[in-house]
Amino acid sequence: MVSLVRLLKVLFTLSLALGLTACFEKLPMTTFHVVTEWGHDINRVYLITTIITTIVFFAVAVPFCYALWRFRDKPGDTRIPVQVKGNHKLEILWTLIPVVLLIFIFLPTLEIIMKRHAEPDPGALTIEVIGHQWWWEFRYPDLGVVTANEMYVPENTPIVVKLKSADVIHAFWIPRWGGKMDVLPGVTNVLTYTTPTLENPQGDYYQGHCTELCGLSHARMRYEAVVLPKARFDSWVKTAMNPPLIATALEKKGQDLFMSKTCFTCHSIAGTNAVGMIGPNLTNLGNRRTIAAGTLPNSKDGLHQWLRDSIDSKADYQTVKPGSLMVFAENFVLTDDDIKALTAYLQHSTAKTF
Ligand code: CUA
């Protein structure tokens, strides 16, 4: 009994600490510090609901505890409390009170639902988001840009996000932006936002994550929304589809390997013969912060580890992202020198000018 009480105390302290941290710290995936109008709208409904349910909790719990104590069993007392069964006044009262409370929760909820279904701004930037097992493709049909795992947007701009899936059900969620939507095969779901105002003048990164269990590496299906000042966004658009720059013999070797090994059948790189559609578009890969959908840093070591990890004949293969389609066939020869060349090619194929 004593250890149970101690356990409950520990659990209570832990949950209180976690709750307070979530409230006051700007954790990367907090829903308390939202940055879009939609996020604030959702939190307002949560606040109203929390206040009403807290009042209801105390309005029920306090009289209940009092009654337990006041009318507790006493030796020799055989009286029966006053019976209120069938009292119409009371029955109408405790039917009406919840109805009124639900109306107070329903009206602001309805208001936000209607707001979300309003027609998007005609000048909004359209972004097609395609969920894949286990990475995100971002297409900008009006700008001719295709990228992966990083959704670049200009600050304070209306955007329309069109969600599609290449395989199974995923879900799109950037906690600090509010809103969460399923990404379904064969259906296009739409989200609209006005992108946040910058907190950091250079640009802000917001963590996103797939929130629908979608297979073995669901937990490794992250992305980032990158909010940039408008001028920086425009220069990103200008350079995003630049063909790779080849400056050294090592990079040339990397390109030859990329085009002669199987890489080009799955990946695209603008301005080259690589036009594969299965894996992420690798144009300007060097500009990305992570690879494999947020699983590894986009560093020489990270890319090296990722390529090594995908060689089927290796004993400890696919430790980074189990089940990934990034697999080299058995007996595929990729030496450490080859990997170095590929890494140099992919990471320098970038104009870091934005
Ligand atoms: Cu995609 Cu979980």
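Please read these numbers as outputs of a predicted model, since none were measured by experiment.

## Focus: the overall build of the protein
A count of helical and extended segments in the protein gives eight helices and twelve strands. Computed over the C-alpha atoms, the radius of gyration of the protein is 28 Å, more than 25% above the 20 Å expected from 2.2 N^0.38 for a compact globule of 354 residues. Principal axes of the C-alpha set define a box for the protein whose edges measure 100 × 55 × 40 Å. Among the 354 residues that make up the protein, the fraction classed as buried is 40%. Sequence-distant contacts in the protein: of pairs separated by 6 or more residues, those separated by 24 or more amount to 62%. Side chains of the protein give 33 positive and 31 negative charges; the mean places of these two sets differ by 8 Å.

## Describing the packing of aromatic side chains
This structure, assessed with the given rule, holds 13 aromatic pairs. Seen from their ring centres, tyrosine 66 and tryptophan 69 are 6.2 Å apart, and the 50° between their planes marks the pair as tilted. Highlighted residues: tyrosine 66 and tryptophan 69, both in helix H2 (residues 37–70), separated by three residues, approximately one helical turn. Judged by centre distance (5.2 Å) and plane angle (25°), the rings of phenylalanine 172 and tyrosine 223 are stacked. With a gap of 51 residues between them, phenylalanine 172 in strand S6 (residues 170–173) and tyrosine 223 in strand S10 (residues 222–228) connect regions that are remote in the sequence. By the burial criterion, phenylalanine 172 is buried, and tyrosine 223 matches it. An aromatic cluster is built from Trp38, Trp177, Tyr193 and Tyr206, whose rings are joined through pairwise contacts. The ring of tryptophan 38 has arginine 116 lying over it, and the distance from NZ or CZ to the ring centre is 3.9 Å. The residue whose ring lies beneath arginine 289 is tyrosine 205, and the NZ or CZ to ring-centre distance is 3.4 Å.

## What to know about the packing of H2 against helix H3 (residues 88–116)
Each pair of packed helices gets described by two things: the angle between the helix axes and the distance between those axes. Their axes nearest at 10 Å, the elements H2 and H3 cross at an angle of 170°. Taken together, the axis directions place H2 and H3 in an arrangement best described as roughly antiparallel. Residues Glu37, Trp38, Asp41, Ile42, Arg44, Val45, Ile48, Thr49, Ile52 and Val56 of H2 form the contact with H3, whose participating residues are Leu101, Phe104, Ile105, Pro108, Thr109, Glu111, Ile112, Lys115 and Arg116.

## Remarks on the side chain of aspartate 309
Within the secondary structure layout, aspartate 309 lies in helix H7 (residues 300–309). Looking at aspartate 309, the relative accessible area reads 4%, which means it is buried. There is a polar contact of 2.7 Å between the side chain of aspartate 309 and the side chain of threonine 319. Ignoring anything within four residues of it in the chain, the contact list for aspartate 309 reads Lys314, Asp316, Tyr317, Gln318, Thr319, Val320 and Lys321.

## What to know about the state of the cysteines
As used in these notes, a disulfide is a covalent bond between sulfur atoms, one from each of two cysteines. Taken as a whole and assessed by the stated rule, the structure comprises zero disulfides. Here cysteine 266 stays unpaired: no disulfide links it, and the sulfur of cysteine 263, its closest cysteine neighbor, is 8.7 Å away.

## Comments concerning H3
With 29 residues, H3 extends 42 Å between its outermost C-alpha atoms, agreeing within 8% with the 42 Å of an ideal straight helix rising 1.5 Å per residue. What H3 keeps buried is the set Ile105, Pro108 and Ile112. On its buried side, H3 packs onto H2.

## Structural notes on the domain arrangement of the protein
Under the domain assignment, the protein is made up of domain 1 (28–67 + 90–118), domain 2 (125–240) and domain 3 (249–349). Taking only C-alpha atoms, the centre of domain 2 and the centre of domain 3 are 23 Å apart. Across the interface of domain 2 and domain 3, roughly 1,600 Å² is buried in total on both sides, 47% from carbon and sulfur atoms. Per-residue buried area on domain 2 facing domain 3 is highest for Trp135, Glu150 and Arg220; these three make up 28% of the total on that side. On the surface where domain 2 and domain 3 come into contact, there are one salt bridge. The residue arginine 289 makes a salt bridge to glutamate 224 at a minimum N-O spacing of 2.7 Å. Our count for the contact surface shared by domain 2 and domain 3 stands at eleven residue pairs in polar contact (both at pLDDT 80 or more). Looking at the side of domain 2 that touches domain 3, the elements with two or more residues in it are strand S2 (135–140), strand S3 (145–148), strand S4 (150–154), S10 and helix H4 (230–240).

## Some details on a nonpolar patch on the surface
A contiguous nonpolar patch, built from Val99, Ile103, Phe106, Leu107, Leu110 and Met114 and spanning about 560 Å² of accessible area, is present on the exposed surface. The topology assignment puts phenylalanine 106 in helix H3.

## Structural notes on the nonpolar core
In terms of nonpolar packing, the biggest core is built from 38 residues, with Tyr140, Met151, Phe172 and Trp177 touching the most fellow members. Elements supplying a minimum of two residues to this core: H2, strand S1 (125–132), S2, S4, strand S5 (158–165), strand S8 (189–194), S10 and H4. Looking at this core, the element that brings in the most residues is S10, giving five residues. Counting contributing residues per domain, this core is built from domain 1 (28–67 + 90–118) and domain 2 (125–240), each supplying no fewer than three. Ignoring anything within four residues of it in the chain, the contact list for tyrosine 140 reads Leu125, Thr126, Ile127, Val145, Thr147, Met151, Tyr152, Phe233 and Trp236. Formed by 24 residues, the second largest nonpolar core is a distinct cluster that contains Leu296, Trp306, Val320 and Leu346.

Analysis parameters
- Residues numbered from 1 in each chain as written.
- Predicted model: local features only at pLDDT ≥ 70, side-chain atom pairs only at ≥ 80, totals over all residues.
- Heavy atoms only, no water.
- Helix = DSSP H or I, 4+ residues; strand = E, 2+ residues; numbered from the N terminus.
- Rg over C-alpha atoms; globule rule 2.2 N^0.38 Å.
- Buried < 20%, exposed > 50% of the residue type's maximum accessible area, 1.4 Å probe, protein only.
- Contact = heavy atoms within 4.5 Å.
- Lys, Arg positive; Asp, Glu negative; His and termini not counted.
- Charge placed at Lys NZ, Arg CZ, Asp CG, Glu CD.
- Phe/Tyr/Trp six-rings, centres within 6.5 Å; stacked < 30°, edge-to-face > 60°.
- Lys NZ or Arg CZ within 6 Å of the ring centre and 35° of its normal.
- Axes fitted to C-alpha atoms, helices over the stretch in contact; angles between N-to-C directions.
- Parallel < 35°, antiparallel > 145°, perpendicular 65-115°, else oblique.
- Polar contact = N/O pair within 3.5 Å; in protein donor to acceptor, adjacent residues only side chain to side chain.
- Disulfide = S-S within 2.5 Å.
- Expected span 1.5 Å × (residues − 1).
- Domains from an automatic or database assignment.
- Buried area = accessible area lost by both parts, 1.4 Å probe.
- Salt bridge = Lys/Arg side-chain N within 4 Å of Asp/Glu carboxyl O.
- Patch = residues over 30% accessible without salt bridge, like charges linked within 9 Å, V, L, I, M, F, W, Y side chains within 5 Å.
- Areas by Shrake-Rupley, 256 points an atom, 1.4 Å probe, with all protein chains shown as cover.
- Core = buried A, V, L, I, M, F, W, Y, C linked by side-chain atoms within 4.5 Å.

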